Amino acid sequence: MSRLLWQKAGVTTDAEVMRFLAGDDVILDRELFPFDIRATAAHAQGLALRGLLASNDAEAIVAALQDLDAEWSRGTFVLDDRFEDGHSAIESYLTERLGEVGGRVHLGRSRNDQVLVATRLYMIHALDTLRATLTQSARAALDRARRDEMAPMPGYTHLQRAVPSTVGLWMASFAESFTETAELVAMTRRWIDACPLGTAAGYGVNLPLPRQQVSETLGFARIVINPMAAQASRGKHELQVLAAMWQAMQDIRRLAWDLSIFSTAEFDFVRMPPETVTGSSIMPNKKNPDLAELLRASCAVVGGAMTELQQVLSLPSGYHRDLQLTKAPLVRSVRVTCDAIRLVPDLLRRTEFKLENMRRAIDGTMMATDRAVDLAASGMSFRDAYRQVGDSLDSLTSAEPEESVTARVSPGACADLRLSEIESRIAALAAE
Ligand code: ARG
């Protein structure tokens, strides 16, 4: 490992203890690294703005950071356990390139606000990606709703046949759920859109740092004012980001559930894209919806990560090394959520709907609710109508499902899906 930033003369740190302290932190820092480089450049420019760093030194630092960023993207600079963490790697690179000038960059900051700002930028980037993929998923669901808008299919409650419904209603439900979750993601982004850089170890510094300008350079909407509040946001913000991701994953879990049930021989309503279906090592006949199942299970990864974070966050004010353990659950959740949601638009586009089978699964008794409502609308008390229809379910055999769904005019229901309203919300999200 390169020389530790905080090493005391004459004391050698125990190697086994160091390995434990570092854990896989430096590997996780690979996710934060480009953001850390960006924030370091903004910090150097901020120091120069206040005359705390000569402007030619700041220029040299920014240029070296650009080189580091390029080497990082090309894979020629590798972040590994030669370094304690990504922050040390940046300083070590600058010092190697620029000598003592490299050592000037850490004036007025601490690794505590350095990790905070890099993590904040990483989360904002992840939320932007998530909002974009959720929006694409909402569009794909909306397209499917339009394609077979009035095609009848059974509506279920308790997984028991309930009333006639439509493919349009089923698919539009995902369009709206994805949209509202994308709105939650956008709200979460606004909630965390504040720059913690320049709060140092959690108590500020005896320098007039241009925090507002640095915040603007990095594209934040505002600064986190109180340095102790900045520290207190570590893990707290991660938890809220995970909550938004969990919501997205549970929308997807519902879709995955529906597709896996509807693709069984018992239902036979849908055929998942053949390229996504797997086989069995022993049963030659098997076609398994593993994709839907792993999409469904991925929600558990995010849920587990939320619990992990909640357990770590039981701390008094100020920085504590415990907070390092907030990084792994965040990175794991971002990866699984982004990897999962990216697959959804295509899955929605390419799944085949077996409209004939869906229609055939609607039996006459499913008209009972319509019939009771009709009787009540023409004057009978609803409870009497309910009993009358309930006593003669066998007579409800001949009605056409199309008749039922075209009469379902309550706002949002099969005959009035209001797809254009969902469309406008999607467009507003895309424009944000
Ligand atoms: N790896 C550390 C973390 O994630 C970086 C901050 C270290 N700060 C400190 N005071 N030891 O929390």
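Before any of the text, the structure's been laid out above.
Here, residues in each chain are numbered from 1, in the same order as that chain's written sequence. This being a predicted model, a pLDDT of at least 70 is required before a residue's local features are given, and a value of 80 or more before pairs of side-chain atoms are given or counted; all residues contribute to the totals for chains, interfaces and linings. To get the side-chain values, all heavy atoms of the structure are used, and hydrogens and water are removed first.

So, a nonpolar patch on the surface
Right, on to step 1. Patches here are clusters of residues that have more than 30% relative accessible area and form no salt bridge, with a 9 Å joining cutoff for like charges and a 5 Å cutoff for nonpolar side chains (Val, Leu, Ile, Met, Phe, Trp, Tyr). Areas reported here follow the Shrake-Rupley algorithm with a probe of radius 1.4 Å; residue values treat only the protein chains shown as occluding. Counted as salt bridges are all cases of a side-chain nitrogen of Lys or Arg within 4 Å of a carboxyl oxygen of Asp or Glu. A cluster of nonpolar side chains, namely Val17, Phe20 and Leu21, defines an oily patch on the protein surface of about 300 Å² accessible area.
Right, on to step 2. Note that Leu21 resides in helix α1 (residues 15–22).
Right, on to step 3. Think of it in three bands: residues with accessible area under 20% of the maximum for their type are buried, residues over 50% are exposed, and the middle band is partly exposed, with areas taken using a 1.4 Å probe on protein chains only. The class of Leu21 is partly exposed, set by a relative accessible area of 30%. Counting from the N terminus, the helices are DSSP H or I runs at least four residues long and the strands are E runs at least two residues long.

Here's the deal with the pattern of salt bridges
Right, on to step 1. Applying the stated rule across the entire model yields 27 salt bridges.
Right, on to step 2. Here Arg104 ties to Glu100 by a salt bridge, and the two come within 3.2 Å at their closest N and O atoms.
Right, on to step 3. Relative accessible area serves as the criterion here: at 37%, Arg104 is assigned to the partly exposed category.

Points about the nonpolar core
Right, on to step 1. Definition used in this section: a nonpolar core is a set of buried Ala, Val, Leu, Ile, Met, Phe, Trp, Tyr and Cys residues joined via side-chain atoms within 4.5 Å. Counting 82 residues, the largest nonpolar core has Trp170, Phe178 and Leu218 as the members making the most contacts within it.
Right, on to step 2. At 16 residues, helix α5 (residues 111–147) tops the list of elements feeding residues into this core.
Right, on to step 3. In terms of nonpolar packing, the next biggest core, distinct from the first, is built from 24 residues, Ala41, Phe83, Ile90 and Val101 among them.

Remarks on the site of the ligand
Right, on to step 1. Surveying the vicinity of the ligand reveals the residues Asp25, His87, Arg111, Asn112, Val115, Arg234, Tyr319, Gln324 and Lys327.
Right, on to step 2. Two N or O atoms form a polar contact when they lie within 3.5 Å of each other; inside protein one atom must be a possible hydrogen donor and the other a possible acceptor, and for residues adjacent in sequence the pair counts only when both atoms belong to side chains. At a separation of 2.9 Å, a nitrogen atom of the ligand approaches a polar side-chain atom of Asn112.
Right, on to step 3. Here Tyr319 contributes a side-chain N or O atom positioned 2.5 Å from an oxygen atom of the ligand.
Right, on to step 4. In isolation the ligand offers 340 Å² of accessible surface; the protein chains occlude 85% of this area.
Right, on to step 5. Take the shell around the ligand: its biggest share by element is three residues, from α5.
Right, on to step 6. In terms of residue class, the shell around the ligand is made up of two nonpolar, three polar and four charged. In these notes, residues near a molecule or strand are those with any non-hydrogen atom within 4 Å of it. Amino acid classes used here: Ala, Val, Leu, Ile, Met, Phe, Trp, Tyr, Cys and Pro are nonpolar; Asp, Glu, Lys and Arg are charged; the rest, including Gly, are polar.

Looking at helix α9 (residues 236–262)
Right, on to step 1. In this model α9 runs 39 Å from its N-terminal to its C-terminal C-alpha over 27 residues, within 8% of the 39 Å that 1.5 Å per residue would give.
Right, on to step 2. Burial within α9 is extensive, with 19 of its 27 residues counted as buried. Take the residue count of a helix, subtract one, and multiply by 1.5 Å to get its expected span.

Description of the packing of aromatic side chains
Right, on to step 1. Aromatic pairing here means that ring centres of Phe, Tyr or Trp (its six-membered ring) are within 6.5 Å. Orientation follows from the plane angle: under 30 degrees is stacked, over 60 is edge-to-face, and everything else is tilted. Throughout the structure, instances matching the rule amount to 14 aromatic pairs.
Right, on to step 2. Through pairs of rings, three or more aromatic residues link up here, namely Tyr156, Trp170, Phe262, Phe267, Phe269 and Phe353.
Right, on to step 3. Either the NZ atom of lysine or the CZ atom of arginine qualifies as a charge over a ring when it sits within 6 Å of the ring centre and within 35 degrees of the ring normal. A cation over an aromatic ring shows up here: Arg144 above the ring of Phe353, its NZ or CZ 4.0 Å from the ring centre.
Right, on to step 4. In this structure, Arg383 packs its charged tip against the face of Tyr386, placed 4.8 Å from the ring centre.

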